[in-house]
Amino acid sequence: MIERAVPRTEQLRKPTMYSSVLVVLLCLALPAFASKPDSVPDWVRTAAQQKHPEYSPETNAVVLLEDTTYTVAPDGTAVEHYRRVTKILRPHGREEGIVAVPFDKDTKILSMHVWSIGPDGHEYAVKDNEMAEYGYPGQGNLFEDIKVRAANPPGRDPGGIVAYEFDQRSHPYLTEKTWFFQSDLPRLNQSFTLELPPGFTHGTVWAHSKKVAATDLEHQRWRWDLKDTPPIDLDHVTLRPSAFSLQGRMTVHYAGPSIPAPTEGTWQSIGQWYQSISKDRLVATPEIAVKANELAAGKTDFYDKTEAIAEFVQKQVRYFVIEMGIGGYQPHFAGDIFRNRYGDCKDKATLLTAMLSTVGIHGALVMVDHRRGVVDPDAPSIVGDHMIAAIEIPKGYSSPKLRSVVTSKTGRQYLIFDPTWEKTAFGQLEHNLQGGYGVLMEGNDSQVIQFPVLPPDLNTIRRTATFQLQPDGTLKGTVTEKRFGDLSERRRSLYTTADAKEQTQFLDRVLGQDFTSFTVSDFKVENAEALNKDLTTSYALAANRFGKSMGPLLMIRPRVLGSENLYTDHKKRQDVPINLDETMQEHDDYTIELPAGYAVDEMPDPIKLDLGFASYESSSTVKDNVLHYTRTYTVREVTLPPDRYPDVQKLSSIIAADEEGNAVLKKQ
């Protein structure tokens, strides 16, 4: 459901960022060839002789050298010269030695060379005719014109060195270049050099990193140097954010007398540039106007009109990506999207905006990234991978159904909505965007905006159940579960697209987490398609051996079903923020009629814990031979600083203990 709307070569260059499909394909298909011993350039040998620190056992490779020179021509086109030397440290690091450089019709590779030095010191070079070109492996709903020139050099074993360099023409339609200088590998020496024509100016913004001063090389040339850049490795970090939201980057913006719409390092200039390539795509055709007015017919309320049109785009326009060249940024024409009934995220947002304009409602595009934290409000750039819509709310209008609302610097209010996210109710915003930032593309009024974090009661699970416990430990009863918001998304998809067998298998897996032997009957589903209503499921349940007999004692779990445990570890949190994913609230209410002749001998203690960012409370009581268990778990924040990790660990242990707590019944 997500597309890439950033400079695609930036995101795909490094081998660690390739899909596993491509890595396997290259390992199997590409041959390796030897060459004369003197084929490796001196700069490769010099880098290979560097000493590096001892790294953790999880470090598979280290980048010894990474140099980029970006040369801009007077007409705004550019050529990038790139060099990289990598040392393989562990067997799993062999994949880091696969060289693969993406390109398309606007980013032609002008030259490319690959070398390697085996652990035994033998040197190799890969000839041009020994490299291969592949189409980048997409998915069923994706077509891109990206290809990859790739090489599989020999000697990719622990202790081996792989080096490559290339010259590549850069796309001419954007006056910014982002240097992604941090990833999951450590880097010893890095540099980025900018070369501009006379009369050009430039500026830099830095994200997730301190600003580094440039060395002025004179004659419109500047170089930034970094040493010992640590990796961002989150493989063994629990409750982790996206690695890309932490990785350092620098974006260079440049402008010159020959460039009509430069991105000058401000959100406003980025919006103005994007308007220049998208404005004509937002124009509504007569056919669009007819359909929009048909959907809005008889509706006078703002919410009702916008909901009808938004749900049409959300549900009736199929998600399909076709990107070629500038198509990675520029939407298709609204008329074509409407006629074909398919498009990618920026297409769907474009069609929604065009349709709304025909019924007197203003809308705008909003560039975001589906990973919270990637768009940095202090680092204006086009870095992002998704597009959504902002719908202007009439002045003075209010409705409790409009939940994801922002106020711009101009004082105008907008409802933020993603027509690509098929199971998010109109008026709300999917959890991974909440609390993050996006770029409101409004021409001269373009700006960065922060999305709200929605209240927990808009993302809920409500379970109620009534059971009867038999003397042999068998539990029988009925269960009703109501879900709303993102917590209903997976099940809504299941109950609207999957067959009966898949639905049964899913329920069996879910209940299998709490029961060893059970049967389900009278299963019913309501409101699977009605996104602004509770998704309601109900069924009869019979679970054998739920109660565990120990002589005259019978042990049962008051928290009969449903687990919400947090998975934490016992490590100290250093500098990685804590990602709680989404605000939410779960409430369970279970009654268990106890068998005649048994009385409660022991009960779990009640719990009441409020940590601000989350709270948890539960209680078990008995009256008239009926055990009543209730609990409420609430999460109010999505991101926490690292120093709150002890509180998260405490919450995790409290929830785990409560979920496994037992009541002991004694036969009288």
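Not measured: the values here are computed from a predicted model. (Residues numbered from 1 in each chain as written. Predicted model: local features only at pLDDT ≥ 70, side-chain atom pairs only at ≥ 80, totals over all residues. Heavy atoms only, no water.)

J.: What is the right way to read the nonpolar core from this model?
T.: One recurring pattern in soluble globular proteins is that nonpolar side chains are buried together. Membership of the largest hydrophobic core comes to 49 residues, with the highest contact counts inside it found for Ile-309, Leu-351, Leu-352, Met-355, Ile-382, Ile-391 and Met-441. Contact partners of Leu-352, with chain neighbours within four places excluded, come to Ile-309, Ala-310, Val-313, Ala-389, Ile-391, Phe-417 and Pro-419. Counting residues in each nonpolar core, the second largest holds 44 residues, with Leu-507, Phe-515, Tyr-539 and Ile-592 among its members. (Core = buried A, V, L, I, M, F, W, Y, C linked by side-chain atoms within 4.5 Å. Buried < 20%, exposed > 50% of the residue type's maximum accessible area, 1.4 Å probe, protein only. Contact = heavy atoms within 4.5 Å.)

J.: What's the story with a nonpolar patch on the surface in this structure? I'm lost.
T.: Residues Val-520, Phe-523 and Val-525 make up a contiguous nonpolar surface patch of roughly 190 Å² in combined accessible area. Considering the arrangement of structural elements, one finds Val-525 in strand S27 (residues 517-526). (Patch = residues over 30% accessible without salt bridge, like charges linked within 9 Å, V, L, I, M, F, W, Y side chains within 5 Å. Areas by Shrake-Rupley, 256 points an atom, 1.4 Å probe, with all protein chains shown as cover. Salt bridge = Lys/Arg side-chain N within 4 Å of Asp/Glu carboxyl O. Helix = DSSP H or I, 4+ residues; strand = E, 2+ residues; numbered from the N terminus.)

J.: Just to check I follow, could you spell out the domain arrangement of the chain for this structure?
T.: For an interface, size is often stated in terms of accessible area lost upon the parts coming together. According to the domain assignment, the chain contains domain 1 (30-233), domain 2 (268-454) and domain 3 (457-667). Taking only C-alpha atoms into account, the centre of domain 1 sits 36 Å from that of domain 2. Each partner contributes residues to the interface: domain 1 has 19 residues there, and domain 2 has 20 residues. With both sides pooled, the region where domain 1 packs onto domain 2 buries about 1,500 Å², and carbon together with sulfur makes up 60% of that total. Summed over the shared surface of domain 1 and domain 2, the result is zero salt bridges. Where the side of domain 1 that touches domain 2 is concerned, the elements lending two or more residues are strand S7 (142-144), strand S10 (176-180) and strand S12 (201-207). For the side of domain 1 that touches domain 2, a count of residues per class yields eight nonpolar, five polar and six charged. (Domains from an automatic or database assignment. Buried area = accessible area lost by both parts, 1.4 Å probe. Nonpolar A, V, L, I, M, F, W, Y, C, P; charged D, E, K, R; others polar.)

J.: Got a minute to help me understand the sheet that holds strand S15 (residues 249-255) in this structure?
T.: Adjacent strands of a sheet pair through backbone hydrogen bonds, lying either parallel or antiparallel. Strand order in this open sheet of three strands is S10-S15-S12, and the pairing throughout is antiparallel. In this open sheet, the two strands that pair with only one neighbour each are S10 and S12. In this sheet, adjacent strand axes meet at a mean angle of 20 degrees when their direction is disregarded. Alignment of S10 against S15, held across five bridges, turns out to be antiparallel. From the neighbouring strand, Phe-180 faces S15, where its bridge partner is Arg-249. (Pairing = 2+ DSSP bridges. Axes fitted to C-alpha atoms, helices over the stretch in contact; angles between N-to-C directions.)

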